[in-house]
Structure formats: C-alpha cells, structure tokens
Amino acid sequence: MSAFSNISREARFLVKQRYFLALLSIVLLLSVFSVWSGISETKTQLSTIERLQEKDDVDRANVLAKQSDYGSAAYYTFHLTHSAPSAMAFAAMGQRDIYPWKHRIRMLALEGQIYETDSDNPELSFLGRFDFAFLISVLLPLFVILLLHDLRSAEREAGRYDLLIATASKQQRLWLSRASVLCTALAIALLLPFVIGALIMQAPLVSTLQVIAVVLGHILFWMLLTLWFTSSKVTVKQSSAQIASVLLAVWLGVTVLVPVASDIAIDEMVQSPNGGEIVLTQREAVNDAWDLPFAETWEPFIATHPQWKNYTEMNSQFEWKWYYAFQQVGDQKAAAISTAYREATFEKNTLAGRFAFLSPPMLAQKLLSSIAETDTLAAMKYEQEVRDYHQALRQFYYPLLFGNANRTETQSNQTINNKTTGNKAAFDPKALSKLPKFTTFKNTIDSSKENI
Amino acid sequence: MQKEMIVASSLCVRFAKQTVLDEVNFKVGQGEVFALLGGNGAGKSTTLKTFLGTIAPQSGTATVMGMSVTKDIDSIRQKVAYLPESVMLYGHLTGVENIKYFLSLADIEKSAPDIEQALMRVALQKSAWHRPMSNYSKGMRQKTAIALALLREAPVLFLDEPTSGLDPNAIDEFNRLIKTLAADGATVFMVTHDVYGACQVAHRIGLLDNGKIVGMFERKDQAHIDTEEVHAAFSARSQQ
C-alpha cells in the first residue's frame, strides 16, 4: 500500500476524533490571534511613524520660522528618525520591543539621545509578546508533544496496542503515518493564518517561504524527538502522563532554562557597559564644559575637525559654535564606551546565535526575527543610521555656525587658509531649506548601497 | 504430523532476573487447534506475545510458518490474526468502520458485502453494525474482532482468552466457529485458563506452569479432550 494510502487512511481516521479537531481549532485561533496582533502592531507602528512624520515637518517649519540665527535654529529643531517595520515584522516583532525604533534628535550631543531609553531584559523579551514567532518558538513544541506523546501509550492504555501492531503490515509505517497526519494538520492550522497575513502585508515571497521553512523545520524537530522518545524501550511501561512529563521537562529545559542560562553565560563572557554609563559620561562632559576654559573644548574638537581651527576665536562668553563644539566633544568623550557597548552587543548577538543551537525554540525565534528584520542586527543598523544622519546634520550646520556657509567640510579641508578669525554667516532662512531630512537621507543611503 | 505452523524450541524469556518462560517446546500443525492452559502468571500471555513479536526471547526460537519472530516479524504479521482477551477497538468509529480501518492497516481490501457476511457469520446483530463501538458490549466487541480475523483469512490465529466474558450461547457459537476454521485448514493457537472450553475445542492442550510445559493432553478417539484428566492435572499444579 502506498504512503499516500496510509496518510489518507490516518487522515480519515483522525478527522473523526473530536479532541483532535478541538485542539486544531484552538491552534488555528491562536495562530489567527498572533497574526492579527502582529499586523495590528505593525500598522500601529507605521501609522505612528506617518503621524509623527507629518507633525515633525509642521513643528520644524514653525520653529524655524521663529529663529533668527543658525545656532537657535539648530538648538530648537527636532528631527524625527525612525525604523519602519518590514512587511514581515508582523510575524516577529523581535527586538523592536526592546530597542527604540523612533527618536526625535537634535543637534546636541547624540549619545545621550540614543541611549536614554536603553533597556535590557532578554528573559522578558523572550517570553513577552504573543506574536507568531512566540507561537512558533514557545507553544509549537507543546502542541506537538500534546498530539504525539501518547501515540503508542494511549493504544497500550486502551488495550489496542497488540492488536494494532499484530495487524499492521508495517508497524513503523502506522506510527509515522499517524504522526505525519497530526503534524501536517498542525502545520496547516499554524501556517494558514500566517500565509493570509503575509498576503495582506504584501510580504516578499522569499521571506514568506523562509518563515514556512522555519516552522516546518521546528515541527519536524519536535516530531522526530517525540517519536524517538515514545518508541524507546524506556517508555514501554510508562503511562501517557509520565511520557508527557518527561517531554514537558525537555521543552521547559530548551525553551526557558537554556535561553536564561545562555543569557547569564553570555553576560559573564562579554563585559559590556550599559546605556546609562554612556549617557552619564556624555552629559558630564557637556555639563563640565560650561565651567572649563574655551581651549579645553576647542582642543579636542579641532583634533577631529581641523578644518575649523582658524574659526575658534570667541567674541563673547557664549557663541553657538562653541556650544555645539562641546556637544561634539561630549560625544567624543563617550565614544570609547559607546563603541565598547556596540561591540559587546554585537558579540552577545553572535554568541546568542551559537547558543541557539542548544535550544531549537531559541533558534526558531532568532531565525524568524532575522527574516522579519527585527533582530538585534536590524536595531544596530537603525542606530547607525541615526548616527549617520546626526553626522549629516552637523555637516550641514557647522559651516553656517563657523561662518563658512558656502563650503562643505571637505571643501574647507582642501582650501583651509590662514585666517585666524571667523565670523558666523549672516542668517539666511532659505539656507535652512536644504536641512537634511531623515527619510530623504535614509533613502539616499539605501539606494547608494543597492547600487553598490 | 501435518505441516508445522507454529514452533517453540527451547524458548526462554526473562524479565529482569525473573524467568517467565523456561525451555518451552511445542509444535502446532496446520489445521490444529492448540490450547495453552495455565493459571495466572504461568506465562501463557508471554508465550503468545512472543509469537506476536511484542516480547523478544532471550534464547531459543519461536517460528511461525517457518519464519523467526526475531527476524521476520513483519512477514509473520501478514500471515496471522490476533484476537486479544479484551477487545478494545476505536469507540468513535462504528463496527464496520473499525473493521475497514484494521483491514487497511493490514493492506487488505474487502467489499462491503464481504464485511457484512463476516459480521453475520459471527452473529453480530445488524442494528449494531453502523453504531459507534463505544456503545458495544464486550461480547459485541469480541464478535467484531472475530469478524476481522475471519476477513483477514489468516492461516494462523492467535487467541488470548477468547471466550472470556462471553455468554454461554456466544461461547458455543465461538467454539463452533473455531472448529470450522480449523477444519478449513486454519491453525489456531489459544491461551486460556478455561479448562472446559479448551477441552471442547482443542486438538491438543499444553499445560503451562511457572514458565514450563508440565503436561500435554490430546484428543484421541473422543470428540473432545478428557476434561476430568486435564482438570485434575491443572488443580494439582494450582495446589502446589
């Protein structure tokens, strides 16, 4: 008899079992809920970005209209930066629940603005949001265990086992067919809402297929593990409840204990400063600058921006160029600790990827977050975009603040003259129309990367 | 002797340190009804499960139609039908659906008239055929399983306490059926502690005690084996 006939027989058999249909209905509802909740959150984030974008433009125009010098314009204007969720983010919100995905930054020192909302709680993040990734990584193994743990023992307890195996022409084919039907039905109940969600969100086909592959791979792993365990000799005299207890202990171990233990081990292996330290270092540097001689600010600033060394003369106790220079110096002083923080985050992410091979649920979640572009790397990419954009703001304002409005930093570098004094450029509101916007800036960067 | 269909040769089965079957030897020929008689814990069910391949022997051999239970169990299972002591089929399926399901497991296809004929042969009332088996009595479940065994047309039947829980009429019907099957060439191996039933239907009876065959009784010229003789031997062993 063909494999199809076996599958077809078991499908007809199982479809008449009410508890099986009830369980599948529950799984389907959970999957629908997780997909709906993901789509809802994605749309909320997108509409939040859109709403903020509109208000950000209006707000900046209003603020700029009231300014009479470039320093005030730079000081009072905010600039929205954001990381829009990908079309697949509905399936795995990932690190978007931990790392901020929007900022309103100013021309002030950047480090404090990036890390003031820094938070870190990987245990909660793992067992947190009920999205599709949570359903697949955490609950899917439970469904497989629930469906397959008593594949043989239920027949033993019902007194049918001997009759079944004495009748079946190939014993292994019976259990494999039954398990395959159960797991195929489970996969359909889990994936059907996801596929519909992917169509609604117009997710790329490749990403959709990758998610399906992860789901099927995770089901296959738990199916083979459960089949192997339930067919082993140790389970012959164990009740269904005892077998389920052992499998649940395995699930608990790889779903909760391994990730938590990995997190502790990674924290021990990789020493990392926290975001608060970066904020504190940068803010102390900025606050101290008010009481220090001007030279203490100019020296480190000119070391990194030599093109402005002839424009540092101060004609009063306060000048915007000095103010922004010590903001820059504040960032420079926090740079080492900030770099260490980012390197540690990257290292932790790499190690977490390796530890994930000890925990299939953790691996499934990491893969789903990666496909959905909501993982740590995506968060770090956005953070870098914010840094690049902030750098672009500085490049825009410095020539205006240092009185060399018609030159870019590069041009100034090339044609640096021996002038010992510099006056700020005369305020021209039209010059601010070229103020870089994050969205335009990001699109330029993205398209240049694509061209490369 | 007719063709040897079931053979136990120096069969030994141990669970941990306990010897359950100890050098058991017997042969069952084609068309023969062989009953293995013994009290609780004598090793009857272990013998039967060894032939079904669910218990592996530590030493000795067990063969069915010349095939070893340790090497050719899949082939053996295609040739045998098994009737458990307490037939528990799927309660959510009807009698007919259960039969179809189990036949499909054995890669056997039977038409609806064939199934109905088998159910009539075991005298299962027609009104029950399409009712869920959760509503069946023990006797009705037993009859359904016998119908299944008939439909499999297996040359060898293994029966575990086949008349346990049946009413006297059903037992008589069952015994007649077994005799008919044997007359048609089927080999029947049954384990039981029902001395009277075994004597009525079996050609030979092996008395099993503490994992050893301690007596062998056979039908000579009589219509059935001498119940008194077997009963006396059985009681003597029980008292020891």
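Rules used throughout
Residues numbered from 1 in each chain as written. Chains lettered and ligands numbered in written order. Predicted model: local features only at pLDDT ≥ 70, side-chain atom pairs only at ≥ 80, totals over all residues. Heavy atoms only, no water. Helix = DSSP H or I, 4+ residues; strand = E, 2+ residues; numbered from the N terminus. Rg over C-alpha atoms; globule rule 2.2 N^0.38 Å. Buried < 20%, exposed > 50% of the residue type's maximum accessible area, 1.4 Å probe, protein only. Contact = heavy atoms within 4.5 Å. Areas by Shrake-Rupley, 256 points an atom, 1.4 Å probe, with all protein chains shown as cover. Axes fitted to C-alpha atoms, helices over the stretch in contact; angles between N-to-C directions. Parallel < 35°, antiparallel > 145°, perpendicular 65-115°, else oblique. Left-handed = near helix turned anticlockwise from the far one by under 90°. Nonpolar A, V, L, I, M, F, W, Y, C, P; charged D, E, K, R; others polar. Domains from an automatic or database assignment. Buried area = accessible area lost by both parts, 1.4 Å probe. Salt bridge = Lys/Arg side-chain N within 4 Å of Asp/Glu carboxyl O. Polar contact = N/O pair within 3.5 Å; in protein donor to acceptor, adjacent residues only side chain to side chain. Pairing = 2+ DSSP bridges. 1 Å grid on protein atoms, 1.4 Å probe; cavity = no way out; pocket = protein on both sides within 12 Å on 5 of 7 lines; lining within 4 Å. Points joined across faces, edges and corners; volume = space filled by probe spheres on them. Core = buried A, V, L, I, M, F, W, Y, C linked by side-chain atoms within 4.5 Å. Patch = residues over 30% accessible without salt bridge, like charges linked within 9 Å, V, L, I, M, F, W, Y side chains within 5 Å.

**Some points on the overall build of chain A**
Thought 1: Scanning chain A for helices and strands turns up 18 helices and two strands.
Thought 2: Expected size for 452 residues packed as a compact globule is a radius of gyration near 22 Å; at 30 Å, chain A overshoots this value by more than 25%.
Thought 3: For chain A, the spread of C-alpha atoms along the principal axes amounts to about 100 × 45 × 35 Å.
Thought 4: Residues classed as buried in chain A amount to 51% of the 452 residues present.
Thought 5: For chain A, restricting intrachain contacts to residue pairs at least 6 apart in sequence, the fraction spanning at least 24 positions comes to 82%.
Thought 6: Accessible surface, chain A: about 21,400 Å² in total, of which carbon and sulfur atoms supply 60%.

**Re the packing of helix 6 (residues 132–148) of chain A against helix 15 (residues 360–371) of chain A**
Residue and element names in this part refer to chain A.
Thought 1: For the pair helix 6 and helix 15, interaxial distance at closest approach is 8 Å and the crossing angle is 160 degrees. Between helix 6 and helix 15, the angle is such that the two are roughly antiparallel. Remark: the crossing between helix 6 and helix 15 carries right-handed chirality. Counted together, A133, I136 and S137 of helix 6 and P361, A364, Q365 and L368 of helix 15 form the full contact between these two elements.
Thought 2: Here the residues of the contact of helix 6 with helix 15 are counted per class, giving five nonpolar, two polar and no charged.

**Considering the domain arrangement of chain B**
Residue and element names in this part refer to chain B.
Thought 1: Split into domains, chain B comes out as domain 1 (12–79 + 155–240) and domain 2 (89–153).
Thought 2: Across the boundary between the two partners, domain 1 contributes 16 residues, which contact twelve residues of domain 2.
Thought 3: A buried area of about 900 Å², summed over both sides, lies between domain 1 and domain 2, and 57% of it is on carbon and sulfur atoms.
Thought 4: Among the residues domain 1 hides against domain 2, the three largest losses belong to L166, E173 and L177. Together they make up 38% of the total.
Thought 5: Counting the contacts that link domain 1 with domain 2 gives zero salt bridges.
Thought 6: Counting the contacts that link domain 1 with domain 2 gives three residue pairs in polar contact (both at pLDDT 80 or more).
Thought 7: Among the elements that make up the side of domain 1 that touches domain 2, the one with the highest residue count is helix 6 (residues 168–183) (six residues).

**Overview of the sheet that holds strand 8 (residues 187–192) of chain B**
All names here are of chain B.
Thought 1: Taken together, the six strands give an open sheet; going across it, the order is 6-7-8-3-9-10, and neighbouring strands pair in mixed fashion. Bordering the open sheet on either side are strand 6 (80–83) and strand 10 (212–218), each of which pairs with just one other strand. Taking each pair of neighbouring strands and ignoring which way they run, the sheet shows an average axis angle of 15 degrees.
Thought 2: Sheet topology places strand 3 (residues 33–37) next to strand 8; five bridges connect them, and they run parallel. Bridge assignment links L37 to a residue of strand 8, and that residue is T192.
Thought 3: On the sheet, helix 1 (residues 44–52) packs against strand 3, strand 6, strand 7 (156–160), strand 8 and strand 9 (204–209) and is oriented at approximately 145 degrees with respect to strand 7.
Thought 4: Across the sheet, helix 5 (residues 138–152) lies against strand 6 and strand 7, angled at about 175 degrees from strand 6, the strand it touches most.

**Details of empty space enclosed by the protein**
All names here are of chain A.
Thought 1: Per the counting criterion, the structure on display carries nine cavities of 30 Å³ or more.
Thought 2: Its boundaries defined by the atoms lining it, the largest cavity holds a volume of some 100 Å³.
Thought 3: Taken together, ten residues line the largest cavity, and the ones lying closest to its centre are Y99, P100, H103, I114 and E383.
Thought 4: Contributions of two or more residues to the lining of the largest cavity are made by helix 4 (111–115) and helix 16 (376–401).
Thought 5: The greatest single-element share of the lining of the largest cavity, amounting to three residues, is contributed by helix 16.
Thought 6: In the lining of the largest cavity, the residues fall into seven nonpolar, one polar and two charged.
Thought 7: Its boundaries defined by the atoms lining it, the second largest cavity holds a volume of some 80 Å³.
Thought 8: Around the second largest cavity sit S83, Q95, R96, Y99, P100, W101, E373, T374, D375, A378, A379 and Y382, which together line it.
Thought 9: Among the residues forming the lining of the second largest cavity, the class breakdown is six nonpolar, three polar and three charged.

**Regarding the nonpolar core**
Thought 1: Core analysis: the biggest nonpolar cluster contains 150 residues, and A:F132, A:F194, B:F158, B:F189 and B:I205 have the highest contact counts within it.
Thought 2: If you count residues domain by domain, this core takes at least three from each of domain 1 (12–79 + 155–240) and domain 2 (89–153) of chain B.
Thought 3: Once you skip the residues sitting within four places of it in the chain, A:F132 turns out to touch A:S31, A:S34, A:V35, A:A91, A:L190, A:L191, A:F194, A:V211 and A:V215.
Thought 4: By size, the runner-up hydrophobic cluster in this structure holds 46 residues, among which are A:A73, A:V286, A:L393 and A:F441.

**Structural notes on the interface of chain B and chain A**
Thought 1: In this assembly, 23 residues from chain B lie in contact with 23 residues from chain A.
Thought 2: For the pair chain B and chain A, the summed buried surface comes to about 2,400 Å²; carbon and sulfur atoms form 59% of the total.
Thought 3: Taken together, the links from chain B to chain A amount to three salt bridges.
Thought 4: One salt bridge connects A:D162 with B:K49, and the closest N-O pair in it is separated by 3.4 Å.
Thought 5: Between chain B and chain A we count ten residue pairs in polar contact (both at pLDDT 80 or more) in total.
Thought 6: For the side of chain B that touches chain A, the secondary structure elements donating two or more residues are helix 1, helix 2 (73–77), strand 6 and helix 3 (95–105) of chain B.
Thought 7: At five residues, the largest contribution of residues to the side of chain B that touches chain A is made by helix 3 of chain B.
Thought 8: Classifying every residue of the side of chain B that touches chain A by side-chain character gives twelve nonpolar, five polar and six charged.

**What about a nonpolar patch on the surface?**
Residues and elements named next belong to chain A.
Thought 1: Taken together, the side chains of L28, V32, I188, L192, I196 and I200 present a nonpolar region at the surface, about 520 Å² in accessible area.
Thought 2: Of all the secondary-structure elements, those providing two or more residues to the nonpolar patch are helix 2 (18–65) and helix 9 (171–200).
Thought 3: Looking at the nonpolar patch element by element, the count peaks at four residues for helix 9.
Thought 4: With respect to the helices and strands, I188 occurs in helix 9.

**A short note on the environment of B:K71**
All names here are of chain B.
Thought 1: Assignment of secondary structure puts K71 in the loop between strand 5 (67–68) and helix 2.
Thought 2: Its relative accessible area of 71% is what places K71 among the exposed residues.
Thought 3: Taking C-alpha positions, K71 is 21 Å from F189, a pair spaced 118 residues apart along the chain.

**A few points about the layout of surface pockets**
Thought 1: Looking at the largest pocket, its volume works out to about 1,200 Å³.
Thought 2: As for the largest pocket, its lining consists of 39 residues, of which A:V236, B:G53, B:T54, B:I55 and B:A56 are closest to the centre.
Thought 3: Counting only elements with at least two residues in the lining of the largest pocket, the list comes to helix 8 (161–167), helix 9 and helix 10 (205–231) of chain A together with strand 1 (4–15), helix 1 and helix 2 of chain B.
Thought 4: Sorting elements by how many residues they give to the lining of the largest pocket places helix 8 of chain A first, with four residues.
Thought 5: A class-by-class count of the residues in the lining of the largest pocket yields 14 nonpolar, 14 polar and eleven charged.

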